[in-house]
Amino acid sequence: MTGTLRPNTISTKLQRIAKLAREIPEPLNNLAHFIDIEWLREAYRRTRKDGAVGVDGQSAEEYAENLEVNLQGLLDRAKTGTYQAPPVRRVEIPKPGKRKETRPIGIPTFEDKILQRAVTMVLEPIYEHEFHDCSWGFRPKRSAHGALDSLRRQTMNMRGGWMVELDFRHFFDTLDHGRLREILGQRMRDGVLLRLIGKWLKAGVLTKGQVLHPQTGTPQGGVISPLLANIYLHEVLDLWFEERVRPRLIGRAHLIRYADDAVMGFAWEEDARRVLNALPERVAGFGLRLHPEKTRLVEFRPQPKRKGPRRSEEPPRSFDFLGFTHFWCRSRKGNWVIKRKTAKERLSRAVHAAHQWCRRNRHLPVKLQHRTLCRKLQGHFSYYGITGNSPALVNFHRVVERTWCKWLNRRSQRTVLTWKRYDRLLKRYPLPRPRPIHSIYCRAANP
């Protein structure tokens, strides 16, 4: 690639945009001039190169063969308004834990990803100044584990209470384009950027050989889609909760949101029920709907163990959020603490995925299988490896070991892989041991 990236220059521009956002409360204009050829080079650097190809079939390697010419042409078309957003290619992937239901994922072209990344880089510093601390999804220096820690800390400080689980029905498919433009117009009025966002919303979806043009929604998989979703839900939920709900409550409350997954905690049951009853009307005003079964109220307080079997009509004392089941438990010192374990549905999905992979790839060389299984286990431990979740990690590790042995044993009908031989194989190709990577004790030892 010709040309030299100057990260300091890009960083200076980002700081300049953030400063404008802090100092000017009115909608910002003239933001598109920050996007130049150097800005597009940085956007190209930040764009994943190993993703699936879009409708044009062009890969990242093919685009990079004539990178400078391609970026300059992209910049000229974006600035003059002649850029035509291509439709996204829709791919259906199975929903977690549901064999028949699928989730649509939109795959833009590689060039479209670069331009979306460039626009996202401009908008992020503006809205980082607007977003509240309760928002954790797809933001710089924030993660799902940060959301989990914040939820645990605030709920324990409140000594439990009543939790409202929020689940939007088909959020990315029902996002209202008109309301989104209104929300964007409250903070920025740059014609070039708004025109590009409008083109992406209207680009259409290629599915089964036909291009469809939905009137609502933004494709999951687009580079700019997570930011647009955050901007939309900031107006729908975060601002409403902080400015209109919290001042009217009797007791303490908090909101934790990660993209379209959210949970609210209340010290008083009366507050929780009032907000739960007001939520459907609030989200309906923005064209959204709540899932009637997954949106629920949970009494989440320390409960002494009762003698005898649990009654079927008893309400649940735990809730799921970001792949973990949260529940109260006694610590070793006898204090009530909130613990988290891998949600049953997520664990079943991971076990099923490992089983299917071992079955389909059992005839590959053992060394190659071992390398891939190590990556899969390390990825699982990197997310679910938190304090108190060791039993679930050990269980998953044990299941993967047995599953691998089962399908290695079916590579041939002539030989049998006994447990003794399998133990020798594991000594040569050991699988990573489960460990809590995000342990609070590790953070305490390395502040």
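Residues numbered from 1 in each chain as written. Predicted model: local features only at pLDDT ≥ 70, side-chain atom pairs only at ≥ 80, totals over all residues. Heavy atoms only, no water.

**So, the overall build of the protein chain**
Inclusion rule: A run of DSSP states H or I qualifies as a helix once it reaches four residues; a run of E qualifies as a strand once it reaches two. Both are numbered from the N-terminal end. Per-residue accessibility, obtained with a 1.4 Å probe over protein chains only, is compared with the maximum for each type, and a residue is labelled buried under 20%, exposed over 50%, and partly exposed between these values. Residue contacts follow a heavy-atom distance rule, with two residues in contact if any of their heavy atoms lie within 4.5 Å. The accessible surface values rely on the Shrake-Rupley method and a 1.4 Å probe; as for residues, cover is taken only from the protein chains in view. We treat Lys and Arg as the positive residues and Asp and Glu as the negative residues; His and chain ends play no part in the count. Positions of charges follow a simple convention, taking NZ of Lys, CZ of Arg, CG of Asp or CD of Glu.
Of regular secondary structure, the protein chain possesses 16 helices and 11 strands. Considered along the principal axes of its C-alpha atoms, the protein chain spans approximately 70 × 65 × 50 Å. Burial statistics for the protein chain: of 447 residues in total, 47% are counted as buried. Look at the contacts in the protein chain between residues 6 or more apart in sequence, and 72% of them connect residues 24 or more apart. Per element, the accessible surface of the protein chain, about 24300 Å² overall, is 50% carbon and sulfur. Averaging the positions of the 84 positive and the 45 negative side-chain charges in the protein chain gives two centres separated by 11 Å.

**What about the sheet that holds strand 6 (residues 253–258)?**
Selection rule: The pairing criterion is simple: DSSP has to find at least two bridges between the two strands. Axis geometry follows a simple rule: fit a line to the C-alpha atoms, using only the stretch in contact for helices, then measure angles between N-to-C directions, giving values from 0 to 180 degrees.
The strand order 6-7-3-8 describes an open sheet built from 4 strands, whose pairing is antiparallel. Each edge of the open sheet carries a strand with a single partner, namely strand 6 and strand 8 (296–300). Strand-to-strand twist across the sheet, computed as the mean angle between neighbouring axes with direction ignored, equals 20°. Where strand 6 and strand 7 (residues 261–266) come together, 6 bridges link them in antiparallel fashion.

**A short note on the sheet that holds strand 11 (residues 336–342)**
Ordered in space as 9-10-11, the 3 strands form an open sheet in which the pairing is antiparallel. If you trace the sheet from one side to the other, it starts and ends with strand 9 (319–321) and strand 11, each paired once. Each adjacent strand pair in this sheet contributes to an overall mean axis angle of 40°, direction not counted. Both strand 10 (residues 324–330) and strand 11 contribute to a ladder of 7 bridges, which runs antiparallel. In the sheet register, H326 faces strand 11, and the bridge partner there is R340.

In short, geometric facts, not functional conclusions.
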